[in-house]
Every structure is written in structure tokens, then in C-alpha cells.
Amino acid sequence: MQTYGYARVSSTDQNELRQLLALRARNIPEENIFIDKQSGRDFIRPQYVELVLRLREGDLLYIMSIDRLGRNYEEIQQQWRYLTKEIGIDIVVIDMPLLDTRRGKDLMGTFIADLVLQILSFVAQSERENIKKRQAEGIAAAMERGVRFGRPEKPLPDDFPQLVYRWEIGALPFGELIARCGMSEATFYRRLRSERGRSE
């Protein structure tokens, strides 16, 4: 039997130290700890895939919390069943002692573990959806206040009205116009509409 640990952070700027400390406290060999710095959107993650290929019946896998496994309610349950039923490993969720498949191998123990897993999977997905909703609401509120996102717009040339006038009367070719404005055709028309809207 081999003991493994799996840690995941959503991006390269997040710190996996807390998860690693918890895994190392279980005396897992360093070479058996797998870490992905990637979204939990699906299970196609390099380190996770490598881990699953190494797992054998009777092995033990530690994870810090259920959302480190994934964030999609149905996929977490499918993956849990695959690991525990098809491969035949045990899983321990460190921050949720009820999710320890080494315990309660009888019908009642299995029922309780499955029930807790369903609840936690649902909570993990709901929290993710709530975060996305709050982000969208925050962005919408900021935009209403006039906050701009992304790179600041390039300022228009001082003689923009004169350039546009010369182009409109045919004295300036369009290619030269957008070159002197330093913008693409689509950006030029958008900025032109914006400027004319302000002056109305």
C-alpha cells in the first residue's frame, strides 16, 4: 500500500503551503505528493492525471478539503466513485473527518460518507457560483460608477476633429487618417461615435 497526497491551488499566485504542511504532517513521502496550480474546472490537470495513473487498489489518498479535488458538484462525485469503487483506494479529507473511507465500511458508514460528500460537493459548487455572481455584480456596479477595466484608452490626437473633417471632405485618405490617429479601423469608428455622442 502506498500513501499519496494531492494539493491544488487555482493559480500560480496562490500559495499551496498550508495544504503541503497538512499533507507532510501525515508522513506522506515527498515523491508521492502531487500539486497542480490550475483551476478546478475539470480533472484534466497534469499532476492529478499522473497521480491517478499511479494509484493502485488499497492505496490511501489525502486531500486538504473537498474543493481541492474539484469545484463541480457532479464531477466531484463521479471522481470520488471512480477512485474509491473502480480503483479501490481510500480517501481522507483532512478538514472533514467524516470523509474518511477507511472508517465505516458497513452500509451505514458508506451511506453517511456518501451523504456528507454530496452535501460538501454541493456547497463547494454553490460557493463557487456565489463568488462568480458577486464578482459580476461588483463589476457591474463599478462600471455604473464610471470605473473602466482593462488598459486605459489611448488619448486622441489634439487635431482629431480637424483630421476627421479633412477625411470627410475627401482631403485625407482613410488609411492615413487611422495611421495618424494610431488606432485600428474598428477603434476609430467607436471613438468617433463616442466623441460625437458627447458633443450632442
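All residue numbers refer to position in the chain's written sequence, counted from 1. Local features in a predicted model are, by the rule used here, given only for residues with pLDDT of at least 70; side-chain atom pairs are given and counted only at 80 or more, and totals for whole chains, interfaces and linings are based on all residues. Side-chain descriptors were evaluated using all non-hydrogen atoms of the structure, hydrogens and water having been removed beforehand.

Further remarks concern the overall build of the chain. Summing up its helical and strand segments, the chain has 8 helices and 4 strands in all. N-terminal to C-terminal, the α/β element order of the chain is β-α-β-α-β-α-α-β-α-α-α-α. Burial status across the chain gives 37% buried among its 200 residues. Reported accessibility uses the Shrake-Rupley method at a 1.4 Å probe radius. Residues are deemed covered only where the shown protein chains occlude them. Surface accessibility of the chain: about 12,700 Å² in total, with carbon and sulfur atoms responsible for 53%. Counting from the N terminus, the helices are the DSSP runs of H or I reaching at least four residues and the strands are the DSSP runs of E reaching at least two. Each residue is placed in one exposure class: buried if its accessible area under a 1.4 Å probe, protein chains only, is under 20% of its type's maximum, exposed if it is over 50%, and partly exposed if it falls in between.

Before going further, it helps to spend a moment on the packing of aromatic side chains. The aromatic pairing rule takes the rings of Phe, Tyr and Trp, using the six-membered ring of Trp, and pairs them if the centres are within 6.5 Å, calling planes under 30 degrees apart stacked, those over 60 edge-to-face and the rest tilted. All told, the structure shown has 9 aromatic pairs when counted by the stated rule. Taking 5.6 Å as the distance between ring centres and 45 degrees as the angle between the ring planes, the aromatic pair formed by Trp 167 and Phe 174 counts as tilted. For a lysine, the NZ atom is tested; for an arginine, the CZ atom; a charge sits over a ring if that atom is within 6 Å of the ring centre and within 35 degrees of the ring normal. Above the face of the Tyr 48 ring, Arg 45 is positioned so that its terminal group lies 5.5 Å from the ring centre.

Looking now at unusual backbone geometry. Most peptide bonds take the trans configuration, and most residues that are not glycine carry a negative phi. Within the chain, Asn 27 stands out as a residue other than glycine whose phi angle is a positive 55 degrees. When you line up the elements, Asn 27 lands in the loop between helix 1 (17–24) and strand 2 (33–37). Note on Asn 27: relative accessible area 69%, which makes it exposed.

Ranked by internal contacts, the top residues of the largest apolar core, which has 23 residues, are Ile 66 and Leu 83. If one sorts the elements of this core by residue count, helix 4 (residues 73–87) sits on top with 4 residues. Any two residues whose heavy atoms approach within 4.5 Å at even a single point are treated as in contact. Among all residues touching Ile 66, those that are not within four sequence positions of it are Ile 76, Trp 80, Val 93, Leu 99, Leu 117, Leu 120 and Ser 121. By convention a nonpolar core is built from buried Ala, Val, Leu, Ile, Met, Phe, Trp, Tyr and Cys residues, the set being connected through side-chain atoms within 4.5 Å.

When their charged atoms lie close together, side chains carrying opposite charge are able to pair. By definition here, a salt bridge exists when the distance from a side-chain nitrogen of Lys or Arg to a carboxyl oxygen of Asp or Glu is within 4 Å. Per the stated rule, a full pass over the model turns up 5 salt bridges. Of the charged contacts in the structure, one is a salt bridge between Glu 16 and Lys 37, with a shortest N-O distance of 3.5 Å. With Glu 16 in the loop between strand 1 (3–9) and helix 1 and Lys 37 in strand 2, the pair connects residues that are 21 residues apart, well separated along the chain. With relative accessibility at 15%, the residue Glu 16 sits in the buried group. Between Asp 100 and Arg 102 there is a salt bridge; the shortest N-O distance is 2.8 Å. If you follow the salt bridges from partner to partner, you end up with Asp 159, Glu 176 and Arg 180 in one network.

Relative to the helices and strands, Asn 32 resides in the loop between helix 1 and strand 2. Asn 32 gets classed as buried once you look at its relative accessible area, which sits at 2%. Side chain to side chain, Asn 32 and Gln 2 meet in a polar contact 3.0 Å long. Not counting the four nearest positions on each side in its chain, Asn 32 is found in contact with Gln 2, Thr 3, Tyr 4, Gly 5 and Arg 54. Polar contact is the term for a pair of N or O atoms within 3.5 Å; when the atoms are in protein, one must be able to donate a hydrogen and the other to accept it, and sequence-neighboring residues count only if both atoms are side-chain atoms.

Relative to the assigned elements, Arg 191 resides in helix 8 (residues 185–199). For Arg 191, a relative accessible area of 10% puts it in the buried group. The contacts of Arg 191, once residues within four sequence positions are left out, are Glu 153, Lys 154, Pro 155, Leu 156 and Met 183.

pLDDT runs from 0 to 100 and stands for how confident the predictor is about each residue. Looking at the chain, the pLDDT average stands at 83 and 88% of residues meet or exceed 70. At the low end of the mean pLDDT range in the chain sits helix 5 (residues 107–144), at 74; at the high end sits strand 3 (residues 60–63), at 96.

On to the pairing of strand 4 (residues 90–93), then. Here strand 4 shows two buried faces, one formed by Asp 90 and Val 92 and the other by Ile 91 and Val 93. When DSSP finds at least two bridges between two strands, those strands are taken to pair. Here 4 bridges tie strand 3 to strand 4, and the two strands are oriented parallel to one another. What sits directly across from Tyr 62, in strand 4, is Val 92.

It is worth spelling out the sheet that holds strand 2 at this point. Here we have 4 strands laid out as an open sheet, ordered 2-1-3-4, and parallel in their pairing. Because the sheet does not close on itself, it has two edges, and the strands there are strand 2 and strand 4. The sheet shows a mean angle of 20 degrees between the axes of neighbouring strands, taken without regard to direction. As judged from the 4 bridges shared by strand 1 and strand 3, these two strands associate in the parallel manner. Bridge pairing in strand 3 places Gly 5 opposite Tyr 62. Lines fitted to C-alpha atoms define the axes, with helix axes restricted to the stretch in contact, and inter-axis angles between N-to-C directions lie between 0 and 180 degrees. Against the sheet, helix 2 (residues 46–54) engages strand 1, strand 2 and strand 3, with an angle of about 155 degrees to strand 2.

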